[in-house]
Amino acid sequence: MTVGMFRIRFHGRGGQGMKTASRILGTAFFRAGFEVQDAPRYGAERRGAPMFAYVRAARTPINERGVISNPDLVVVADDTLVAVPAAAVLVGVDERTVLLINSIEDSRRWRERLNLSGPVLILPARVEPSEAAEVGYAGAGCCGAAARLVGVISCAVLEAAVREELASSPEALVEANVHYALHAYRQMEAVSASVAPGKVPNAADYIEPDWVELPFEDARLAAPAIHAALTSEKVPTGLWRTVRPVIDYARCNRCWWVCSTFCPDGAIAVDADGTPRIDYDHCKGCLVCVAQCPPHAIEAVPEHKVRAPTETPS
Ligand code: SF4
Ligand code: SF4
């Protein structure tokens, strides 16, 4: 009988199936006899923006609430997120937290780069973030690996959970995700049960925080102030993109305004002759322009099909 509580966080980008991954893992825990919580957390942005989802599982009722700040397992579906402060991938990671990263780089390099003393594992069946977007629920690979790492979920229970959560999807998509999940599960055999459940919180352990006196500041000093326009130019939201809009200039009829007006990020400029130009440093890949272009002159191309291997973040 497992004693304690598993706390698992999935990090990815909107559209990579992390919410589905957390639901499948939660259902698998439930089928294995656990009490479960699972929930996603999104920011204000949309597709391609950092998001996370979390799962708690225990044999006893779960009274802990809120986001997980002391994870036993962190699963990172997109290794470019590790360098993005807003993604908060490493929050609460300590020497007993297992970090599982979907990456082409090995665990030694990640451990050195992040100066981590705890275990770092690599998801061996690499699921390209852009492929994930194509199949919709490729987070199944991440949850398959996570199911093996906690050591309390059987292969049959995992498969049943994938089928249950994707029951309304087309059969081919369900089969593809069952394959992804079970493949990742089997690939993790050597490190099965390497995630240990953490302590169940007890009210008696509560430590009151020290009282901190803050000096009073009047509103002019305390309120945030923006001193310059166009500060959003300094945030390279193009890093969020998993799918890239590519204009076919042979089909574009230089309508002057549709794509550039609908782009929520102002990432499309229009030349004097009406030719649209996409600023890929700031286009976050929401694909609104693809949907709006009247002659369908903008194609959605997965990033891995346009990105040279040398552009993999170091
Ligand atoms: S260029 Fe297209 S895909 Fe990129 S942010 Fe603008 S509307 Fe979205
Ligand atoms: S909406 Fe389509 S046709 Fe109009 S400028 Fe943009 S790409 Fe060209």
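Along each chain, the written sequence defines residue order, and numbers are assigned to residues from 1. Here the convention is simple: chains get letters from A, ligands get numbers from 1, in the order in which they are written. pLDDT decides what is reported in this predicted model: residues at 70 or higher carry local features, side-chain atom pairs at 80 or more are listed and counted, and totals for whole chains, interfaces and linings draw on all residues regardless.

Enquirer: Any chance you could explain the site of ligand 1 here in plain terms?
Expert: Looking at ligand 1, there are 13 residues lining it, with Cys263, Cys283, Cys286, Val288 and Cys289 nearest. Here the residues of the shell around ligand 1 sort into 10 nonpolar, 1 polar and 2 charged. Throughout this description, a residue near a molecule or strand is one whose C-beta atom, derived from the backbone, lies within 6 Å of it. For this classification, Asp, Glu, Lys and Arg are treated as charged, while Ala, Val, Leu, Ile, Met, Phe, Trp, Tyr, Cys and Pro are nonpolar and the rest, including Gly, are polar.

Enquirer: Can you walk me through the site of ligand 2 in this structure?
Expert: Taken together, 13 residues lie near ligand 2, and Cys252, Cys255, Val258, Cys259 and Cys293 sit nearest. Here the shell around ligand 2 is built from residues that sort into 11 nonpolar, 1 polar and 1 charged.

Enquirer: Any chance you could explain the packing of helix H1 (residues 18-31) against helix H4 (residues 139-150) here in plain terms?
Expert: Each packed pair of helices is defined by two parameters, the angle between the axes and the distance between the axes. Here H1 crosses H4 at 35°, and the two axes come no closer than 8 Å. Seen from above, H1 lies across H4 with right-handed handedness. Here H1 contributes Met18, Thr20, Ala21, Ile24, Leu25 and Ala28 to the contact with H4, which in turn contributes Gly139, Ala140, Cys142, Cys143, Ala146 and Ala147. Looking at side-chain class alone, the contact of H1 with H4 contains 10 nonpolar, 2 polar and no charged residues. Axes, fitted as lines to C-alpha atoms, cover a helix only where it is in contact. Angles between the N-to-C directions of the axes lie from 0 to 180 degrees. Elements are defined by DSSP. Helices are runs of H or I of four residues or more, strands are runs of E of two residues or more, and each kind is numbered from the N terminus. Rotating anticlockwise by less than a right angle from the far helix to the near helix defines a left-handed crossing, while the corresponding clockwise rotation defines a right-handed one. Residues are scored as being in contact if the C-beta atoms we place from backbone atoms lie within 7 Å.

Enquirer: Please clarify how the pairing of strand E4 (residues 73-76) should be interpreted in this entry.
Expert: Strand residues, when the strand is regular, have side chains that alternate between the two faces of the sheet. Counting other C-beta atoms within 10 Å of a residue's own tells you its class, since 20 or more makes it buried, 12 or fewer makes it exposed, and anything in between is partly exposed; those C-beta atoms are placed from the backbone. A two-sided burial pattern is seen for E4, the buried positions comprising Leu73 and Val75 on one face and Val74 and Val76 on the other. Here, strands pair whenever DSSP counts at least two bridges between them. One ladder, built from 4 bridges, connects strand E1 (residues 5-13) with E4; its direction is parallel. Residue Phe10 lies in a different strand from E4, and its bridge partner there is Val75. For E4 and strand E5 (residues 98-101), the ladder comprises 4 bridges, and the chain directions are parallel.

Enquirer: Looking at this structure, I do not really get the sheet that holds strand E2 (residues 35-41). What am I missing?
Expert: Spatial strand order, E2-E3-E1-E4-E5-E6: 6 strands in an open sheet with mixed pairing. At either margin of the open sheet sits one strand with a lone partner, and together these are E2 and strand E6 (120-122). Adjacent strand axes in the sheet meet at a mean angle of 15° when their direction is disregarded. Sheet strands in contact with helix H2 (residues 107-114) are E5 and E6, and its direction is about 140° off that of E6. In the packing of H4 onto the sheet, the strands contacted are E1, E4 and E5, and the crossing angle to E1 comes to about 160°.

Enquirer: Which parts of the structure should I look at to understand the packing of H1 against helix H5 (residues 155-165)?
Expert: Put simply, H1 and H5 touch, their axes get as near as 8 Å, and they point 130° apart. Taken together, the axis directions place H1 and H5 in an arrangement best described as oblique. Crossing of H1 over H5 shows right-handed handedness. Of the residues in H5, those in contact with Thr20, Arg23, Ile24, Thr27, Ala28 and Arg31 of H1 are Val157, Leu158, Ala160, Ala161, Val162, Glu164 and Glu165. Tallied by class, residues from the contact of H1 with H5 come to 7 nonpolar, 2 polar and 4 charged. Working definition: roughly parallel below 35 degrees, roughly antiparallel above 145 degrees, roughly perpendicular at 65 to 115 degrees, and oblique for all remaining angles.

Geometric values such as these leave the question of function open.
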